[in-house]
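Read off the chains here:
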Amino acid sequence: MFKQVDWNERLIFSLGRKGRRGHVPPKVEERTKQIVGDVNLLIPENMQRKSQLKLPELSEVEVVRHFTRLSQMNYGVDSGLYPLGSCTMKYNPKINELLANLPAINMLHPYQDEGTVQGILEILCKLERWLAEITGTHEVCLQPAAGAHGEFLGTLLMRAYHKLKGEIEKRREIIVPDSAHGTNPASAAMAGFNVVVVPSDEDGCVSIEALKAAVSRRTAGLMLTNPNTLGIFEKNIEEIARIVHEAGGLLYYDGANLNAILGKARPGDMGFDIVHMNIHKTFGTPHGGGGPGAGPVGVSEELAKFLPVPRIVFDGERYHLDYDRPHTIGKMRSFYGNVAVLLKAYAYILSLGFEGLKEVAEVSVLNANYLAKKLEEIKGLTLPYGSEKPRKHECVLSAKHLKGDTGVSALNVAKRLLDYGLHAPTIYFPLIVDEALMIEPTETFEKEELDRFVEAMREICEEAYTNPEVVLKAPHNTAVSRLDEVKASHPRTMALSWRMYRKKNEQNL
Ligand SMILES: *Cc1c(COP(=O)(O)O)cnc(C)c1O
């Protein structure tokens, strides 16, 4: 069985000793003087920092050891399977990191004159075209920094569209299915809309009856994930699009997880007007821990005039930044978005090509269905919403019976998986499945790794029936065991900086 390394590693601040050094570079003033002359001429006296920075002082090897030890007490997608449902944690090829870090690229400055950054503008412009092709949309904007940010842009575009039609006072509602990701209703609310929830039917799809009842002249639009968060493709998508369009609403596609449909189906062809995609899930950038990511948004021809500025345009010879868009909603983010992340997507798409992207979709769907079938055979687990129906990129199992029989919950199963050196799946989402275990294997794990996961799940469920205490108290083999989740996120105990940590310690918290 797996055993995680457990160093008793102190904070780097308490490891430092005054005067300890790694490299000793030439004195800053001397270097600066050599290059630019007197520093006082560059930075006015009153703006120069006089106080010490209070950074910990360590030798190079101390720094390397500290962070290597911390990394050994961690788990990442480079360590093994990371089956986070709805989060597409795939292995990201290192070549993309390499390309995004070439000096020709990472030495660029966003304030450079557009005449000197033609290369990067060409790359971004091409990426926009490729993402438009993949999603079947007319124009793509790369600015949003995350999926939720893309959703927010999408709902602002809905506002702009209805406002220009003179209907924004009437159209106050955005419809969201009960299986939606929590960011959907949040984005709708942030753009000032009221959220109307429609239930799923027994197939796990949007209930057409309920949708018809919810749609009215107050409808601004519908936000939908397809395949939905159960991993099931909305078979009535064309009818859904017709119902919403006939009522004068727009269709928003939550494309955070595009894995299942890459090169196979396009939201634009299904009738969607606005699409966001998560570069940091589908297109070659790792995520977690808060970023950085990118959530580009594609729109239909009719909505393109509302997109944020600047738009990158090509006049046949040179690329320009176009700010002259009378209907634009303004700016979403500084400059052009998270360019390094977008570059990785460019490299990812270029290296795979169209056939490669299709293969990503095929293998990720195959892997999800393989796991769904194998896991559903395990005593205690079921596959709600029809086990005969194919899943797309992910599957959602329920540990409801396991909990009823043994008291062991989805949370306990997830914690026990850590003892096997496997990352836990997403749990308790979507909300419509009791004791949900939401599993997305992606295309980047071999069959052996998937089998290891199935075997671990089988052993854990058996253990729940024979020796539940072990599962209830898991994990046992990790550097830290059960965290106090309330304490970890409570403002009274949270310490986000060394200064806060010291202050709280002085107060004996
Ligand atoms: C991850 C995700 C989002 C939000 O994306 P962020 O980049 O985390 O803001 C939205 N919808 C779905 C379905 C997702 O999986």
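Treat the numbers as computed from the prediction; the structure is a model and nothing was measured. (Residues numbered from 1 in each chain as written. Predicted model: local features only at pLDDT ≥ 70, side-chain atom pairs only at ≥ 80, totals over all residues. Heavy atoms only, no water.)

**Side note on unusual backbone geometry**
How we decide: By the criteria applied, helices consist of DSSP H or I runs no shorter than four residues and strands consist of E runs no shorter than two, each listed in order from the N terminus.
Cis rather than trans, the peptide bond between Val309 and Pro310 has omega equal to -5°. Take Pro310: it is sitting in the loop between strand E7 (297-299) and strand E8 (311-314). The peptide bond linking Ala474 to Pro475 adopts the cis configuration, its omega dihedral lying at 5°. With respect to the helices and strands, the residue Pro475 is situated in the loop between helix H18 (468-472) and helix H19 (485-488). Of note, the phi angle at Lys54 is positive, near 60°, even though the residue is not glycine. In this fold, Lys54 is placed in the loop between helix H3 (39-42) and helix H4 (60-72).

**Side note on empty space enclosed by the protein**
The following threshold applies: Detection works on a 1 Å grid of protein atoms alone, calling trapped sets that fit a 1.4 Å probe cavities and calling open sets with protein on both sides within 12 Å along at least five of seven lines pockets, with lining residues defined by an atom within 4 Å of a point. Grid points are joined across faces, edges and corners, and a volume is the space filled by probe spheres set on the points. The residue classification treats Ala, Val, Leu, Ile, Met, Phe, Trp, Tyr, Cys and Pro as nonpolar and Asp, Glu, Lys and Arg as charged. All others, Gly included, are polar.
Overall, the coordinates contain three cavities of 30 Å³ or more when judged by the stated rule. Considering only enclosed or pocket space, the largest cavity measures out at about 80 Å³ in volume. Residue composition of the lining of the largest cavity, grouped by class: six nonpolar, one polar and two charged. Approximately 40 Å³ is the volume found for the second largest cavity. Around the second largest cavity sit Pro177, Ser179, Ala180, Leu224, Thr225, Asn228, Thr229 and Glu234, which together line it. Grouping the constituent residues of the lining of the second largest cavity by class yields three nonpolar, four polar and one charged.

**Examining helix H17 (residues 447-466)**
The criterion, for reference: A helix is expected to reach a length of 1.5 Å times the quantity of its residues less one. For every residue, the accessible area obtained with a 1.4 Å probe (protein chains only) is divided by the maximum for its type, and the residue is called buried under 20%, exposed over 50%, and partly exposed between those limits. In what follows, a contact means two residues having at least one pair of non-hydrogen atoms within 4.5 Å.
Over its 20 residues, H17 extends 28 Å from the first C-alpha to the last, a length consistent with the 28 Å expected when each residue adds 1.5 Å. When we look at burial in H17, the residues that qualify are Glu449, Leu450, Phe453, Val454, Ala456, Met457, Ile460, Cys461, Glu463 and Ala464. The inward-facing, buried residues of H17 abut helix H14 (339-376), helix H15 (400-406), helix H16 (410-418), strand E12 (436-439) and H18.

**Overview of the pattern of salt bridges**
Which entries qualify depends on this criterion: For this document, the term salt bridge refers to a Lys or Arg side-chain nitrogen within 4 Å of an Asp or Glu carboxyl oxygen.
All chains considered together, the criterion is met by 31 salt bridges. Close ionic contact of Glu355 with Lys358 constitutes a salt bridge, the shortest N to O distance being 3.9 Å. One end of the pair, Glu355, and the other, Lys358, are both in helix H14, three residues apart, so they sit about a helical turn from each other. The exposure class of Lys358 is partly exposed, given its relative accessible area of 21%. Through salt bridges with shared partners, a single ionic network connects Lys18, Arg21 and Glu57.

**Focus on the site of the ligand**
Using the following cut-off: Any residue with a heavy atom lying within 4 Å of a molecule or strand is counted as near it. Contacts described as polar in this section are N or O atom pairs within 3.5 Å, which, within protein, must combine one atom able to donate a hydrogen with one able to accept it, while residues neighboring in sequence count only if both atoms come from side chains. Computed by Shrake-Rupley with a 1.4 Å probe, the accessible areas treat only the displayed protein chains as cover when residues are assessed.
Contacts to the ligand come from 13 residues, most closely from Ser86, Gly147, Asp254, His280 and Lys281. Gly147 is positioned such that a nitrogen or oxygen atom in its backbone is 2.8 Å from an oxygen atom of the ligand. Take Ala148: an N or O atom from its main chain is 2.8 Å from an oxygen atom of the ligand. If the ligand stood free it would expose 380 Å²; the protein chains cover 86% of that surface. Residue contributions to the shell around the ligand peak at three residues, all from helix H8 (residues 147-164). Of the residues in the shell around the ligand, the class split is three nonpolar, seven polar and three charged.

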